[in-house]
Amino acid sequence: MTRTPRPSVDSIFAVLPELAPYARDAVVLHLERAEPDCRSSSIGGPLLWPGDEPWPACSSPDENSPDGMPPTAMVPIAQIFRHDAPGPWWPADIDLLQILWCPNEHVDPPNQQADVSPVIELRWRRVADVTGPTVNPPSPSRYDEDCYLPRTCAITAEHVTDFPFREELPAGLRARCEDLVRETGDGGDVITRLAGWKLGGWPTWHLTRPTVIPCEDCGTAMTLLFTVASCDETGVVVGRWGDLRIFTCPADHRHAFQVDLH
């Protein structure tokens, strides 16, 4: 997912030591078509889902069902085990992240969701608490496009240091970062907001200027948790071949998350 060659972090800091306070840990997820089981990290694969917990269903109005009825089953988007992608995004005692979505576009979604995109469901778990996992989850009764039904992929995690888009930097540092970006790589930006399916790091800003998203529960500035990227490997396309980003509150993972589409 990441263009090469990218300068080492040490060489970036040698040129721009002032970037150090803006560095964020991230994991870029490299994808390969596979058939992982429910105890593997995957994109679009089976989830380690408790057999006694109802499978999520969406009843929000969508293009195929203006009243949102009957509810339709959500589909797995990502399952990440902590041991595969450790980092600062993991709450204490949590070792499994699961992301699902309703494979329909919602013009008037709930407040925390993005317009004209799938509705997201986010679950944090302790693997030890999951007993009698679900074997045959329900399939969605309707979906807008095949691009909302991801092809199953195994992941290889690449731990990286990510930097923000230049417009999120102070003016003096912004110009120097732009010079470094221009001087490296193959003409693209291999320094900031690394692209692809990603845990953590900095968000892309394709359509608008960078925006601070406050937590609705406590007002803390939210940080990027996960990026769903449009790509050929999964067949997923969001927006205009863009990214769907999930932001969470760094103060408390139980606070409401926020979804943004770019």
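Everything below is about the structure shown above.
Every chain begins its residue count from 1, and numbering advances along the sequence as written. Local features in a predicted model are, by the rule used here, given only for residues with pLDDT of at least 70; side-chain atom pairs are given and counted only at 80 or more, and totals for whole chains, interfaces and linings are based on all residues. Side-chain numbers here rest on the full set of heavy atoms in the structure, without hydrogens or water.

Draft legend 1. View of empty space enclosed by the protein. Grid points spaced at 1 Å over the protein atoms alone were grouped into cavities, where a 1.4 Å probe fits but cannot get out, and pockets, open sets with protein on both sides within 12 Å along at least five of seven lines, with lining residues defined by an atom within 4 Å of a point. Grid points are joined across faces, edges and corners, and a volume is the space filled by probe spheres set on the points. Under the criterion given, the structure shown has 1 cavity of 30 Å³ or more. Along its surface, the largest cavity is lined by Leu-194, Ala-195, Gly-196, Lys-198, Trp-202, Pro-203, Thr-204, Thr-227, Asp-243 and Arg-245. We call Asp, Glu, Lys and Arg charged. Ala, Val, Leu, Ile, Met, Phe, Trp, Tyr, Cys and Pro are nonpolar, and the rest, Gly among them, are polar. For the lining of the largest cavity, a count of residues per class yields 4 nonpolar, 3 polar and 3 charged.

Draft legend 2. Molecular detail of the state of the cysteines. Note that a disulfide, as used here, is simply two cysteine sulfur atoms within 2.5 Å. The final tally for this structure, using the stated rule, is 0 disulfides. The closest cysteine sulfur to the non-disulfide-bonded Cys-102 is located on Cys-58, 3.7 Å from its own sulfur. The structure places no disulfide on Cys-147, whose sulfur is separated from the nearest cysteine sulfur, that of Cys-231, by 12 Å. By relative accessible area, which is 17% here, Cys-147 ends up buried. Partly exposed residues are those whose accessible area sits between 20% and 50% of the maximum for their type, while under 20% is buried and over 50% is exposed, using a 1.4 Å probe and protein chains only.

Draft legend 3. Local environment of the environment of Ala-171. Inspection of the secondary structure assignment puts Ala-171 in helix 2 (residues 171–183). When the C-alpha positions of Ala-171 and Cys-231 are compared, they lie 33 Å apart, and in sequence the two are 60 residues distant. By definition, any uninterrupted DSSP run of H or I lasting at least four residues is a helix, any uninterrupted run of E lasting at least two residues is a strand, and each is numbered from the N terminus.

Draft legend 4. Up close: the pairing of strand 5 (residues 75–81). Along strand 5, 7 of the 7 residues are buried, which leaves the element largely enclosed by surrounding structure. When DSSP finds two or more bridges between two strands, those strands count as paired. Looking at chain direction, strand 2 (residues 42–43) and strand 5 are connected through 2 bridges and run antiparallel. Of the residues in strand 5, the one forming a bridge with Ile-43 is Ala-78. Here 6 bridges tie strand 5 to strand 6 (residues 96–106), and the two strands are oriented antiparallel to one another. Along strand 6, the bridge assignment pairs Pro-76 with Leu-100.

Draft legend 5. Seen up close, the sheet that holds strand 11 (residues 243–248). Spatial ordering of the open sheet is given by 7-6-5-2-8-1-9-10-11-12, a layout of 10 strands whose pairing is antiparallel. Edge strands, defined here as strands with exactly one partner in the open sheet, are strand 7 (117–125) and strand 12 (258–261). The pairing of strand 6 with strand 7 spans 8 bridges and is antiparallel. The partner of Ile-99 across the bridge, within strand 7, is Leu-122.

Draft legend 6. Seen up close, the nonpolar core. To define a nonpolar core, start from buried Ala, Val, Leu, Ile, Met, Phe, Trp, Tyr and Cys residues and group those joined through side-chain atoms within 4.5 Å. In terms of nonpolar packing, the biggest core is built from 37 residues, with Trp-101, Trp-197 and Phe-226 touching the most fellow members. We call two residues in contact whenever any of their non-hydrogen atoms come within 4.5 Å of each other. With residues near it in sequence (within four places) discarded, Phe-226 still touches Leu-29, Ile-43, Ala-78, Ile-80, Ile-99, Trp-197, Lys-198, Leu-199, Leu-244, Arg-245 and Ile-246.

Draft legend 7. Up close: the side chain of Ser-230. On the secondary structure map, Ser-230 appears in the loop between strand 10 (223–229) and strand 11. What makes Ser-230 buried here is its relative accessible area of 10%. A distance of 2.9 Å separates a polar atom in the side chain of Ser-230 from the backbone nitrogen of Val-238. A polar side-chain atom of Ser-230 sits 2.9 Å from the main-chain carbonyl oxygen of Gly-242. Here a polar contact is taken to be a pair of N or O atoms separated by no more than 3.5 Å, where protein atoms must pair a possible hydrogen donor with a possible acceptor and residues adjacent in sequence count only if both atoms sit in side chains.

Draft legend 8. Fine view of the pattern of salt bridges. Just to be clear on terms, a salt bridge is a Lys or Arg side-chain nitrogen sitting within 4 Å of an Asp or Glu carboxyl oxygen. Here the structure, examined in full by the defined rule, presents 14 salt bridges. The partner of Asp-62 in a salt bridge is Arg-142, with the nearest N and O atoms 3.1 Å apart. Pair noted here: Asp-62 is in the loop between strand 3 (57–58) and strand 4 (72–73) and Arg-142 is in the loop between strand 7 and strand 8 (153–162), with a separation of 80 residues, a long-range link. For Asp-260, the salt bridge is made with Arg-245, and the minimal N-O distance between the two is 2.5 Å. One end of the pair, Asp-260, is in strand 12; the other, Arg-245, is in strand 11, and 15 residues separate them in sequence.

Draft legend 9. Inspection of the pairing of strand 10 at higher detail. Counting buried positions over the 7 residues of strand 10 gives 6, a clear majority of the element. Both strand 9 (residues 198–200) and strand 10 contribute to a ladder of 2 bridges, which runs antiparallel. If you follow Leu-199 over to strand 10, its bridge partner there is Phe-226. Across 6 bridges, the pairing between strand 10 and strand 11 is antiparallel. Residue pairing for strand 11: Ala-229 is matched across the bridge by Asp-243.

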